[in-house]
Amino acid sequence: MRKVKGFTSKLVHAERKQQPEYGAIHQPIHQSVLFAYSNAQDLVDVFQGKSSQHAYARQSSPSISCLQNTITDLEQGHACLVFSSGMAALTTLMLTMLKQGDHLLMSRFVFGNTNSFAQTLENYGIEVSFVDVTNIEDVARNIKPNSRMLFTETIANPVTQVADVKGLGKLTKARNIVFVVDNTMTPAYLLQPQNHQADFIVTSLTKYFGGHANALGGAIVDMGRFDWQKFENINDAYKKGDAINWAITQIKKKGLRDMGACLSSDSMHLLSVGSETMALRLDRSCANALQLANFLDSHPKIEKVYYPGLPNHPQHTLAKRLFRHNGAILSFSPKEGIDPLRLINKLELILCSTHLGDNRTLAIPVAPTIYHEMGEARRKSMGISENMIRLSVGIEDCEDLIADLEAALL
Ligand code: PLP
């Protein structure tokens, strides 16, 4: 078959092209935990990495391999592993690639749970510095001899700071630091692989990839850029064959095999079917987000709107250079005297909910919910105001969303 280039053309044919039986267009949901062999040597070969067949579903299965191949292709990476959630992917990556005494540079603006996990890493003797990823000099200033990894998101949530992922990639490459990009907010359709220099992509498949809020999942993609011969933390057992495979083998063995946060085949099916419309959904959600941002920005009861698509956003020009669209998350602070909870309670179509990347538009008061645990001082350092409301914009008809906000702001 001729090779197709388009994002959606690839996605809607991705399972079929991996040739499931009987001409099926979807990969079967393999429920078998074990895979048995009539020749013991074949099982030995699976254990020793000489065969790509399967032994036990915690590490791999045909359904899971199919999704991994699809994601590798979308991200134009080298190899992918999928996990039971975005947090499972992210924590597995850090726990298997970092060691006591290492230094991790982490964006100051990361998701609350990622920020909380950084404290867990500190408990295990990994030093963490929070850096301003909108400012390459600040990141460079914080590099130490034991810096092993830089972790950033693309568009931060909820304040929408945009990381210069190309510049950060150049910096980390020059200093032999592994560069990890969480591209949950801007999947490959928005942030194309040529626009970042990541060594690893981590992503929550629960969000825009699946899009329907019916399955959790996460992925790690090794982009094949880092020379693992120059990385101290690869266990000798995994330094076999081509060095390009060393890190992904370590993550699979130490992570999936030993820690076990594997994706179920049912979830794989839901995420994979959901992903077929990812580009269409993102076109619509991002267009809606831009319209809503403009509407709120000119509303007399709104103090400030945070959205990279607005010309007054500090990284507007950078966002234009990096992304196809500016994402579908926006935040705003109502003027003093307007209670954010009462405002949300007046919304009828927009749902009050955590989560993002869904087909439905969701609103959440940020400070008392997802960023409550970290306290006011840390919220302030991230630019989060106490009355901030975050919208994850969905695919509804925009006039209905504007009408809902208009009525709530009366
Ligand atoms: N990364 C980012 C940027 C997120 O926003 C989230 C969840 O909101 C995650 C990771 C974690 O994803 P999951 O909910 O699938 O564990």
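These lines cover the structure that appears in this document, whether it is placed above or below. Note that this is a predicted model, so its numbers are computed, not measured.

What follows is about the sheet that holds strand β4 (residues 147-153). Strand order in this open sheet of 7 strands is β1-β7-β6-β5-β4-β2-β3, and the pairing throughout is mixed. Of all the strands in the sheet, just β1 (79-83) and β3 (127-131) have a single pairing partner and so form its edges. On average, each strand axis in the sheet is tilted by 20° relative to the strand beside it, whichever way the strands run. Strands β1, β6 (200-204) and β7 (218-222) of the sheet are contacted by helix α9 (residues 246-259), whose axis makes an angle of about 15° with β1.

The ligand sits among Ser 85, Gly 86, Met 87, Phe 111, Glu 153, Asp 182, Thr 184, Met 185, Ser 204, Thr 206, Lys 207 and Gly 217. In the model, a nitrogen atom of the ligand is placed 2.7 Å from a nitrogen or oxygen of the Asp 182 side chain. Interatomic distance of 3.1 Å between a side-chain N/O atom of Lys 207 and an oxygen atom of the ligand. Burial of the ligand by the protein chains amounts to 91% of its free accessible area of 390 Å².

We now examine the side chain of Arg 281. On the secondary structure map, Arg 281 appears in helix α11 (residues 278-297). In this structure Arg 281 is buried but unpaired, with Asp 358 as the nearest side chain of opposite charge at 7.6 Å. Setting aside residues no more than four positions away along its own chain, Arg 281 makes contact with Tyr 208, Phe 209, Gly 210, Gly 211, His 212, Gly 274, Ser 275, Asn 359 and Ile 395.

Once that is clear, we can look at the packing of aromatic side chains. The relative placement of two aromatic rings is captured by the distance of their centres and the angle of their planes. Within this structure, the stated rule accounts for 5 aromatic pairs. When the centroid spacing of 4.6 Å and the interplanar angle of 35° are considered together, the rings of Phe 226 and Trp 228 count as tilted. Here Phe 226 and Phe 231 contribute two aromatic rings whose centre-to-centre distance is 5.8 Å and whose plane-to-plane angle is 90°, an arrangement assigned as edge-to-face. The pair formed by Phe 226 and Phe 231 is uniform in burial state, with each residue classed as buried.

Cut-offs applied
- Residues numbered from 1 in each chain as written.
- Predicted model: local features only at pLDDT ≥ 70, side-chain atom pairs only at ≥ 80, totals over all residues.
- Heavy atoms only, no water.
- Pairing = 2+ DSSP bridges.
- Helix = DSSP H or I, 4+ residues; strand = E, 2+ residues; numbered from the N terminus.
- Axes fitted to C-alpha atoms, helices over the stretch in contact; angles between N-to-C directions.
- Contact = heavy atoms within 4.5 Å.
- Near = heavy atom within 4 Å.
- Polar contact = N/O pair within 3.5 Å; in protein donor to acceptor, adjacent residues only side chain to side chain.
- Areas by Shrake-Rupley, 256 points an atom, 1.4 Å probe, with all protein chains shown as cover.
- Buried < 20%, exposed > 50% of the residue type's maximum accessible area, 1.4 Å probe, protein only.
- Lys, Arg positive; Asp, Glu negative; His and termini not counted.
- Salt bridge = Lys/Arg side-chain N within 4 Å of Asp/Glu carboxyl O.
- Phe/Tyr/Trp six-rings, centres within 6.5 Å; stacked < 30°, edge-to-face > 60°.

Distances and angles like these do not, on their own, reveal function.
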